[in-house]
Amino acid sequence: MAPEVDKASLVKSEKSKLKRELTIIPLFALIYFTVCGGAFGAEPMVGLSGPGLALLLMVITPLVFSIPNMLMVREMQSMMPVEGGYYHWVKQAFGPFAGFMSGWMNWVVSWVDVSIYPVWTAWYLSYFIPALSDGATIGGIEFSSDFLSWLVAAVLIISISLLNVRGAKLSGLFAGWLGVFMIIPIIIMSGFGIYAWIVNGTPTNIPFLPGGAEINGQNLLGALSVGIYVAMWNFMGWELPTAAGDEIKNPKKTYPRAMVLVLIAAILSYSLPTVAGLYGGAGEDGQYLVWGLEEYDTGEGIGPILNEYGIEDEKMLSWGVDPGTDYGWEFPTIAHRIGDKVAGKDSPLSFFLGAIVGISAILSMTGLFIGNGLGGTRVPYAMAEDGMMPTWLNKVHPKYGTPWVSILICAVFYLIFATSAFQSLVVIDVFLNMLVLMAEIFALVVLRRKKPDLPRNRVPGGVWGLVYIVVAPLTIILIAIVSQIIDYGWAGAVGWALIAMVVGAVLYFPIRKWVKKDIPDVDPYVLGTAEEEAH
């Protein structure tokens, strides 16, 4: 008879293989591509909320949402700088069931959210390879655009997952170089946009709200409810890379410093290209209304939406906009318009700017997949280490020091959810992610009472600082949830999310009874041995 395996010893031996190698530069790149990922995503704010309000939101959102989140993460991560991050925060505050649900919910979110970035990579790539949007016949066999797009997404998912297995530091450095090559075209576009603004004297009276609507309570609330949801989505994710806590060098100092650098980079990444586009040729005469626009109903086109703002079809055609198209302008098209302003319509410069910003978008989506995938792949490992997932998810690569089984299992889920059949489920990510984020915020308050003497980097400002980091983000979170329900209805926004939560709740009890058996709880307040020796 084979000797009985000591599960506790097995878990401990696997943990010792993790390599703590993430320094500030690769960590900065990974957090940047989790939170931001370049200018892409700012366009809907301009089209839906108006240019003035969009620019204001790019300044206000970090103050009322990002900075409170950063301060919360700073305090919680300083107490528990271990693999699993927020899973342990919630568990320590509210118990094992709440901790399991937070890890489960964010893992489910990663299936539908992380997998969408390879799909968007294929969508931007269709700018250069039309077969990805039109389909193609190869060797007499007809391939649909959905299949070809999935094939591109699959190649990216497999390649990046194998890179992730090689090490968090290598993934971070690769993301850093992606970021460099991604941001160069954005800088070039912004430079030409500002040049066009100076030379051509584009009017500075671009309106605050869409269509130049009167600034009153009703109009402002309507534009704000949509814009702040988009802005929040463009400035969130600060806590997700904490799931790789045991792979970060000196995490109590490195992580906060990286977050500050990311916040500065994110604000600049969104605001400068937006200003350059608005005043450099893609915002005048109401053209900003096309930014990030999507048709309401399939086949209807964006024309009826622009008609509501008094834009006639003839005027759309003069802008180069087909009223029947299903989406408006993203930054590659905005870059093309800047080129038109500088060198004439459809000039070589126009195509050059559009092409390099299209490449930038592809690199951005790839980076977003790497950054968001880091947290998504570490959570199941951390839960397995704690006995709340099958122990085979706890395997660490003996050479590369990464949770390779967890990474590859996540890759399988990403491949499945990258198919067109599952892409509509991305609507559940807001509801589930916001519930977990609320739990993290309340966990900070609870742990202040439960473990008041534990060393931590406290949120500055005493009681008022605590009120600030709780009330400000919770207000934004509630607005986001309400906006999601309005956009997709209870069935779309909440229905699938509740199903995912019920599945998690049902799984908890057998896992707790049979999988958890003989595996002690992880002590999240203790750094790994290598880190302790370094101090």
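From a predicted model like this one, the values you see are computed outputs, not experimental measurements.

**Here we look at the overall build of the protein chain**
Okay, so step 1: Tallying secondary structure elements over the protein chain gives 20 helices and two strands in all.
Okay, so step 2: Against the compact-globule benchmark of 24 Å for 535 residues, the protein chain has a radius of gyration of 24 Å, which places it among compact chains.
Okay, so step 3: Expressed as lengths along the three principal axes of its C-alpha atoms, the size of the protein chain is roughly 80 × 65 × 45 Å.
Okay, so step 4: Buried residues in the protein chain amount to 56% of all 535 residues.
Okay, so step 5: If you take every contact in the protein chain between residues at least 6 apart in sequence, the share linking residues at least 24 apart comes to 80%.
Okay, so step 6: Here the protein chain holds 31 positive side-chain charges and 42 negative ones, and the gap between their average locations is 18 Å.

**Examining the pattern of salt bridges**
Any two side chains of opposite charge can pair, on the condition that their charged atoms come close.
Okay, so step 1: Under the definition given, this model contains 14 salt bridges.
Okay, so step 2: Between Glu284 and Lys341 there is a salt bridge, and its shortest N-O distance comes to 2.7 Å. A residue pair is termed long-range when its members are at least 10 positions apart, and Glu284 in the loop between helix H12 (251-282) and helix H13 (303-308) and Lys341 in helix H15 (residues 331-343) qualify at 57 residues.
Okay, so step 3: Residue class for Glu284 comes out buried when judged on its relative accessible area of 19%.
Okay, so step 4: A cluster of three or more residues bridged by salt bridges with shared partners is formed by Lys15, Arg20, Asp246 and Glu385.

**Concerning the side chain of Asp429**
Okay, so step 1: Checked against the element boundaries, Asp429 lands in helix H18 (residues 428-450).
Okay, so step 2: Despite its burial, Asp429 pairs with no opposite charge, the nearest such side chain being Arg378 at 20 Å.
Okay, so step 3: Ignoring sequence-local partners within four residues, the contact set of Asp429 consists of Val109, Val112, Asp113, Trp233 and Met434.

**Things to note about the nonpolar core**
Okay, so step 1: Ranked by size, the top nonpolar core spans 153 residues in total, and within it Ile31, Met72, Met76, Phe100, Trp238, Phe331 and Ile477 carry the most contacts.
Okay, so step 2: Non-local contacts of Ile477, meaning those with residues more than four positions away in its chain, are made with Phe65, Met434, Leu437, Met438 and Ile441.

**Notes on the packing of aromatic side chains**
Okay, so step 1: In total, this model carries 25 aromatic pairs according to the counting rule given.
Okay, so step 2: With 6.2 Å between their ring centres and 85° between their planes, Phe40 and Phe331 make a pair best called edge-to-face. With Phe40 in the loop between helix H2 (24-35) and helix H3 (43-49) and Phe331 in helix H15, the pair connects residues that are 291 residues apart, well separated along the chain.
Okay, so step 3: You can call Phe331 buried: its relative accessible area is 0%.
Okay, so step 4: For the ring pair Phe143 and Phe147, a centre distance of 5.6 Å and an interplane angle of 20° mean the geometry is stacked.
Okay, so step 5: What links up through ring pairs into an aromatic cluster is the set Phe40, Trp123, Tyr124, Trp291, Tyr327 and Phe331.

**A closer look at helix H11 (residues 217-234)**
Okay, so step 1: Over its 18 residues, H11 runs 25 Å from end to end, which matches the ideal 26 Å to within 8%, given 1.5 Å per residue.
Okay, so step 2: At Leu224, H11 is deflected by roughly 25°, the largest bend along its length.
Okay, so step 3: Those residues of H11 lying buried are Ala223, Gly227, Ile228, Tyr229, Val230, Ala231, Met232 and Asn234.

**Concerning a nonpolar patch on the surface**
Okay, so step 1: A contiguous nonpolar surface patch, about 590 Å² in accessible area, is contributed by Trp177, Val180, Phe181, Ile184, Ile188 and Phe352.
Okay, so step 2: Per-element accounting of the nonpolar patch gives the leading share, five residues, to helix H10 (residues 168-200).
Okay, so step 3: Mapped onto the fold, Ile188 is located in helix H10.
Okay, so step 4: For Ile188, a relative accessible area of 31% gives the class partly exposed.

**Some thoughts on the packing of helix H4 (residues 51-79) against H11**
Okay, so step 1: In the contact formed by H4 and H11, the axes pass within 10 Å of each other and the chain directions differ by 60°. The orientation of H4 with respect to H11, classified from their angle, is oblique. H4 and H11 meet at a crossing whose hand is right-handed. Here Leu53, Leu57, Thr61 and Phe65 of H4 lie close against H11, whose contacting residues are Leu220, Ala223, Leu224, Gly227, Ile228, Ala231 and Met232.
Okay, so step 2: Grouping the amino acids of the contact of H4 with H11 by side-chain chemistry returns nine nonpolar, two polar and no charged.

**Things to note about the packing of helix H6 (residues 96-114) against H18**
Okay, so step 1: At a minimum axis separation of 9 Å, H6 and H18 run at an interaxial angle of 150°. Taken together, the axes of H6 and H18 are roughly antiparallel relative to one another. In terms of crossing hand, the pair formed by H6 and H18 is left-handed. Where H6 abuts H18, its residues Ser102, Met105, Asn106, Val108, Val109, Val112 and Asp113 lie against Ile428, Asp429, Leu432, Asn433, Leu435 and Val436.
Okay, so step 2: Each residue belonging to the contact of H6 with H18 can be placed in one class, and the counts come to eight nonpolar, three polar and two charged.

**Concerning unusual backbone geometry**
Okay, so step 1: At Asp285, a residue that is not glycine, the phi angle is positive and equals roughly 60°.
Okay, so step 2: Structurally, Asp285 can be placed in the loop between H12 and H13.
Okay, so step 3: Backbone geometry at Asp346 places phi at a positive 55°, although glycine is not the residue there.
Okay, so step 4: Structurally, Asp346 can be placed in the loop between H15 and helix H16 (348-385).

**Brief notes about the confidence of the model for the protein chain**
Okay, so step 1: Summing up the model confidence of the protein chain, the mean pLDDT is 90 and the portion of residues at 70 or higher is 96%.
Okay, so step 2: At the low end of the mean pLDDT range in the protein chain sits helix H20 (residues 529-534), at 42; at the high end sits helix H5 (residues 86-94), at 97.
Okay, so step 3: Confidence over residues 529-535 falls short of pLDDT 50; this stretch has eight contacts with residues more than four positions distant or in other chains.

Basis of the calculations
- Residues numbered from 1 in each chain as written.
- Predicted model: local features only at pLDDT ≥ 70, side-chain atom pairs only at ≥ 80, totals over all residues.
- Heavy atoms only, no water.
- Helix = DSSP H or I, 4+ residues; strand = E, 2+ residues; numbered from the N terminus.
- Rg over C-alpha atoms; globule rule 2.2 N^0.38 Å.
- Buried < 20%, exposed > 50% of the residue type's maximum accessible area, 1.4 Å probe, protein only.
- Contact = heavy atoms within 4.5 Å.
- Lys, Arg positive; Asp, Glu negative; His and termini not counted.
- Charge placed at Lys NZ, Arg CZ, Asp CG, Glu CD.
- Salt bridge = Lys/Arg side-chain N within 4 Å of Asp/Glu carboxyl O.
- Core = buried A, V, L, I, M, F, W, Y, C linked by side-chain atoms within 4.5 Å.
- Phe/Tyr/Trp six-rings, centres within 6.5 Å; stacked < 30°, edge-to-face > 60°.
- Expected span 1.5 Å × (residues − 1).
- Bend = angle between axes of the 7 residues up to and from the residue.
- Patch = residues over 30% accessible without salt bridge, like charges linked within 9 Å, V, L, I, M, F, W, Y side chains within 5 Å.
- Areas by Shrake-Rupley, 256 points an atom, 1.4 Å probe, with all protein chains shown as cover.
- Axes fitted to C-alpha atoms, helices over the stretch in contact; angles between N-to-C directions.
- Parallel < 35°, antiparallel > 145°, perpendicular 65-115°, else oblique.
- Left-handed = near helix turned anticlockwise from the far one by under 90°.
- Nonpolar A, V, L, I, M, F, W, Y, C, P; charged D, E, K, R; others polar.
- pLDDT = per-residue confidence, 0-100.

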